Amino acid sequence: MGERLLLRGNEVIAEAAIRAGCQCYFAYPITPQAELLEHMARHMPGLGRTFIQAESEIAAISMVYGAASVGVRTMTSSSSPGISLMQEGISYLAGSDLPAVIVNVMRGGPGLGDIAPAQADYLQATKGGGHGDYHTIVLAPSTVPEAGELTMLAFDLADRYRTPVMILADGMLGQMMEPVELPEPVDVAALPEKPWATTGAKNRDPNVIRSFDLDPEVLKQMNRALQERYREIEAKEVRCEETATEDADIVIAAYGTVARIARSVVRMARADGIKLGLFRPITLWPYPYQPLRELSKRVRTVLTVEMSAGQMWEDVRLAVCERAKTPFYGELGGVVPTPRSILSEVKKHAG
Amino acid sequence: MPRGVVIIDKERCKGCGLCISACPHQVLAFSGELNRSGYTVVHMEQEQDCVGCAFCAQNCPDVAIEVYREKVPA
Amino acid sequence: MPVSVEKMVKVFGRPKSLTDARFTYCPGCHHGTLTRIIAQVIDELEIAERTVGIAPVGCAVFAYRWFHCDAIQAAHGRASAVASGAKRADPNLIVFAYQGDGDFASIGTAESIHAANRGENITVFFVNNQVYGMTGGEMAPTSLIAQKTSTTPEGRDPALSGYPIRFSEMIAQLDAPVYVTRQALYDTKRILEATKAVKKAFAYQLEEKGYSLVEVLATCPTNWRMAPTDANKHVAEVVTTVYPLGDLVDRG
């Protein structure tokens, strides 16, 4: 459309989903993503699309499962405790080869936690919070405009690979406002057909959507097929961004809101004579192990900064191994690190 | 009364006996024969008494019974 | 054969909307009877090409094997929500959820109530045999007082485990549902009544009238430790005194 609007992260994700052709949205209210629901409630019915405030997150993910089976683009959103409730449903989506988009606007935990931003659901999102051998693609925006872009991408990837895709945002991103140029709406009619969907068995054999087979040999093949798809996704869909890493001695590894803060830290550090760079994964699964591995050969230190007790830190250490030092700086419980606090950590390790 | 005939799919029959109990004319009984799954199957013992009411088929949980009935002349 | 069937009329056969697969249900289990009735009604209404069935977790998990139509196997308890999502995604589909008493009335309590309360234009079958069959005979919310199950070996004690829950009566309190009925399959008369009820429920969905619930009192000969004919008698003489048969709501 070309118009630039000042929008909240939650609203941009909602509007991007609408423009991506999301036909059905089901969700339960939870802070800090209420604005996403409200935007959907206001706009979906007028467009002839479905908005249901479900009775719980469990119901919401189950409705997504039903709509996805029928072959429409469908989405839910929640925050950490609600995402915990959805884990079985996500496992079912993955096991049934269903495309869907799930948005987690992370908040402090564990338990009820608080409503401030956090990044403590990384392991749940990337290592599978639900049961079984599966992954969801996990996309981590770090600005409001990127949240919109990655939402559009999420629907495409979900359809392309027949797999659920998670957008891992946080309460700060959800609440902050930035100028955004909204993307062009997708022509839903031009999207590829879904011959596997339960659209009514007219002139074809019935389709069955299931993740179940009592014969272990059959389930093994179903799992093998999933694994092959994950290898394909790992080969083709890794996304990351490096800032000022060409001559860096020390890099920060961070994603989402923390990566955004870290960009300011890069400027501040460089002004202080420290050759600081930033490595920002955009896909948390598939994780950019290879680019980080390469980078770690050239730098002395990779400092992971997260709003958690050290979750992505595990993947950083996996990628870096002993090639560089891998210290960690985290803030817990919904506290957001300031540029100054990050810079002071950088200085501690830059020495 | 019209005459009826039921055809029981022996391999679907699980010998539950509901058809025997449902039949108003005591047409059906266990045959003593086992099918491949090891169930004792049912057969028409009193064929001449069948009127094709299909009560047996209505009650069969395995839909193992087909029922035919003589056309009654107009 | 005394008379050749060539000269006869076929008055009962396997519905077209049933696949050839042999049911995996126990001998005498009413799941099979209800499945046949649903398939027969789908044939009569000629809706097979528009129908999507939602299979539960429980003995009927394989429901997607029996019906010759599209199907979705749902997580335990969630079939009413999955049906809601599917129907909203394409309102032209005829969507039915098929659930047992654990699926519908225990783990699925919230989804069952809220699909009804939203008046989703779907048809829900609630097979109530007062026990959890698939997992080995545990107590269901619908189990009778003093009923011996694998988790109430001394018999259900209300002080410990509450009372049999009359879920259809609860659903009947809501404003939205258009048809709520309790049926049984213990003899031919009841089977024919149930068939009419199933047809009405699907017809209301076709006419876009709203939400229908068909509760079916069924037997579980295996976990009741009864022969199928005795199990039928148990429903007729005992179970119906706790769960009365008939239409609780019919606003169609």
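These numbers were taken from a predicted model, which means no experiment stands behind them.

Peer 1: Could you clarify how one ought to interpret the overall build of chain C in this entry?
Peer 2: A count of helical and extended segments in chain C gives ten helices and eight strands. Its C-alpha atoms give chain C a radius of gyration of 18 Å, within 12% of the compact-globule value 18 Å for 252 residues. Taken across its 252 residues, chain C has 58% of its residues classed as buried. Here the contacts in chain C between residues at least 6 apart in sequence split such that 67% fall between residues at least 24 apart.

Peer 1: What is the right way to read the overall build of chain B from this model?
Peer 2: Scanning chain B for helices and strands turns up two helices and four strands. Counting from the amino terminus, helix and strand elements in chain B follow one another as β-α-β-β-α-β. Radius of gyration (C-alpha) of chain B: 12 Å, near the 11 Å computed for a compact globule of 74 residues. Overall, chain B is about 45 × 20 × 15 Å in size when its C-alpha atoms are taken along their principal axes. Of all 74 residues assigned to chain B, the portion counted as buried reaches 47%. Counting contacts in chain B only where the partners sit at least 6 residues apart, residues at least 24 apart contribute 64% of the total.

Peer 1: Can you help me understand the interface of chain A and chain C in this one?
Peer 2: Interface size, as often reported, equals the accessible area lost upon joining of the parts. Chain A puts 32 residues into the contact, and the matching count from chain C is 29 residues. Elements with a contribution of two residues or more to the side of chain A that touches chain C: β2 (24–27), β3 (50–53), α3 (57–70), α5 (87–95) and β9 (208–209) of chain A. Sheet topology places β9(A) next to strand β3 (residues 70–73) of chain C; two bridges connect them, and they run parallel. Looking across to β3(C), one finds that A:Val208 is bridged to C:Ala71.

Peer 1: I keep staring at the interface of chain C and chain B and nothing clicks. Help me out?
Peer 2: Taken together, the contact pairs 28 residues of chain C with 28 residues of chain B. Those elements giving two or more residues to the side of chain C that touches chain B turn out to be β1 (8–12), α1 (30–45), α8 (188–206) and α10 (228–242) of chain C. Split by residue class, the side of chain C that touches chain B holds 15 nonpolar, eight polar and five charged. Strand direction decides the pairing type here: strand β4 (residues 65–70) of chain B and β1(C), joined by four bridges, are antiparallel.

Peer 1: Can you help me understand the environment of A:Glu193 in this one?
Peer 2: With respect to the secondary-structure elements, A:Glu193 resides in the loop between β8 (177–181) and β9. Between the alpha carbons of A:Glu193 and A:Val144 there is a distance of 31 Å; along the sequence they are 49 residues apart.

Peer 1: Just to check I follow, could you spell out the arrangement of the chains for this structure?
Peer 2: In this assembly, two pairs of chains are in contact, and the pair contributing the most contacts is chains A and C. Chain B makes no contact with chain A, the minimum C-alpha separation between the two being 19 Å.

Peer 1: What is the right way to look at the nonpolar core in this model?
Peer 2: The tendency in soluble globular proteins is for nonpolar side chains to be buried side by side. Among the nonpolar cores identified, the biggest contains 221 residues, and A:Val101, A:Leu139, A:Ala262, B:Cys56 and C:Ile54 are the most heavily contacted of them. At ten residues, the largest contribution of residues to this core is made by α3(A). Here this core gathers at least three residues from each of two domains, domain 1 (4–236) and domain 2 (241–350) of chain A.

Peer 1: Any chance you could explain the sheet that holds β1(C) here in plain terms?
Peer 2: The pairing of strands in a sheet happens through backbone hydrogen bonds and is either parallel or antiparallel. One open sheet holds the three strands; their spatial order is β1(B)-β4(B)-β1(C), and the pairing between them is antiparallel. Of all strands in the sheet, those bounded by a partner on one side alone are β1 (4–8) of chain B together with β1 of chain C. Put simply, the sheet's adjacent strands are angled 30 degrees from each other on average, direction ignored.

Peer 1: Is there a simple way to think about unusual backbone geometry in this case?
Peer 2: Keep in mind that most residues, glycine aside, have a negative phi and that most peptide bonds are trans. Residues and elements named next belong to chain A. In this structure, Pro32 follows Thr31 across a cis peptide bond, with omega equal to 5 degrees. Relative to the assigned elements, Pro32 resides in the loop between β2 and α2 (34–43). For the bond from Gly109 to Pro110, the omega torsion is -5 degrees, close enough to zero to count as cis. Structurally, Pro110 is set in the loop between β5 (100–106) and α6 (122–126).

Peer 1: Where do I start with helix α3 (residues 79–89) of chain C in this structure?
Peer 2: Along an α-helix, residues three or four apart share an orientation, since each turn contains 3.6 residues. Across the eleven residues of α3(C), eleven count as buried, placing the element largely inside the fold. Listed as buried for α3(C) are C:Ala79, C:Ser80, C:Ala81, C:Val82, C:Ala83, C:Ser84, C:Gly85, C:Ala86, C:Lys87, C:Arg88 and C:Ala89.

Peer 1: Is there a simple way to explain helix α13 (residues 339–350) of chain A in this structure?
Peer 2: All names here are of chain A. When the terminal C-alpha atoms of α13 are compared, their 16 Å separation across twelve residues agrees well with the 16 Å that a helix rising 1.5 Å per residue should span. Along α13, the positions that sit buried rather than exposed are Ile342, Leu343 and Val346. Each buried residue of α13 sits inside an arc of 100 degrees when the element is viewed along its axis, so together they form one side. Opposite its buried face, α13 presents the exposed residues Arg340, Ser344 and Lys348, each directed more than 90 degrees away. Buried-residue contacts for α13 involve β11 (250–253), α10 (256–271), β12 (276–281), β14 (301–306) and β15 (328–330).

Peer 1: Whenever I open this one, the environment of B:Ser31 confuses me. Can you help?
Peer 2: Residues and elements named next belong to chain B. You can see Ser31 is positioned in strand β2 (residues 28–34). Residue classification places Ser31 among the partly exposed positions, given that 17 C-beta atoms sit within 10 Å. Each C-alpha atom of the pair Ser31 and Val41 lies 5.9 Å from the other, and the pair is ten residues apart in sequence. Setting aside anything within four residues of it in sequence, one finds Ser31 in contact with Val41, Val42 and His43.

Peer 1: Can you help me understand the sheet that holds β9(A) in this one?
Peer 2: As summarised here, the arrangement of the eight strands in space is β9(A)-β3(C)-β2(C)-β4(C)-β5(C)-β7(C)-β6(C)-β8(C), forming an open sheet in which the pairing is mixed. Either end of the sheet is taken by a strand with one partner, and the two such strands are β9 of chain A together with β8 (246–250) of chain C. Lying over the sheet, α3(C) contacts β2 (51–55), β3, β4 (94–100) and β5 (123–128) of chain C, oriented at roughly 175 degrees with respect to β4(C).

Peer 1: What is the right way to read the packing of α3(A) against α5(A) from this model?
Peer 2: For any two helices packed against each other, one specifies the inter-axial angle together with the distance between the axes. All names here are of chain A. Put simply, α3 and α5 touch, their axes get as near as 8 Å, and they point 15 degrees apart. It follows from the interaxial angle that α3 and α5 lie roughly parallel. Crossing handedness for the pair α3 and α5: left-handed. Contacts from Ile58, Ile61, Ser62, Tyr65 and Ala68 in α3 reach Gly89, Ile90, Tyr92 and Leu93 in α5. Across the contact of α3 with α5, the residue classes tally to seven nonpolar, two polar and no charged.

Peer 1: In this structure, what is going on with the confidence of the model for chain C? I would like to understand it.
Peer 2: Interpretation of this model should avoid reading the predicted coordinates in detail wherever pLDDT is low. In this model, chain C carries an average pLDDT of 97, and 99% of its residues clear a pLDDT of 70 or more. In the model output, the complex is listed with pTM 0.95 alongside ipTM 0.96.

Peer 1: I tried to follow the packing of helix α1 (residues 9–19) of chain A against helix α7 (residues 144–161) of chain A on my own but got confused; where do I start?
Peer 2: All names here are of chain A. Taken N-terminus to C-terminus, the directions of α1 and α7 make an angle of 30 degrees; their axes are 8 Å apart at the nearest point. By the angle between their directions, the pair α1 and α7 is classed as roughly parallel. When the axes of α1 and α7 are compared, the crossing they make is right-handed. Together, Gly9, Val12, Ile13, Ala16, Ala17 and Arg19 of α1 and Val144, Ala147, Gly148, Thr151 and Met152 of α7 make up the contact between the two elements.

What counts and how
- Residues numbered from 1 in each chain as written.
- Chains lettered and ligands numbered in written order.
- Predicted model: local features only at pLDDT ≥ 70, side-chain atom pairs only at ≥ 80, totals over all residues.
- Helix = DSSP H or I, 4+ residues; strand = E, 2+ residues; numbered from the N terminus.
- Rg over C-alpha atoms; globule rule 2.2 N^0.38 Å.
- Buried ≥ 20, exposed ≤ 12 C-beta atoms within 10 Å, placed from the backbone.
- Contact = placed C-beta atoms within 7 Å.
- Pairing = 2+ DSSP bridges.
- Nonpolar A, V, L, I, M, F, W, Y, C, P; charged D, E, K, R; others polar.
- Core = buried A, V, L, I, M, F, W, Y, C linked by C-beta atoms within 7 Å.
- Domains from an automatic or database assignment.
- Axes fitted to C-alpha atoms, helices over the stretch in contact; angles between N-to-C directions.
- Expected span 1.5 Å × (residues − 1).
- Arc of directions from axis to C-beta.
- Parallel < 35°, antiparallel > 145°, perpendicular 65-115°, else oblique.
- Left-handed = near helix turned anticlockwise from the far one by under 90°.
- pLDDT = per-residue confidence, 0-100.

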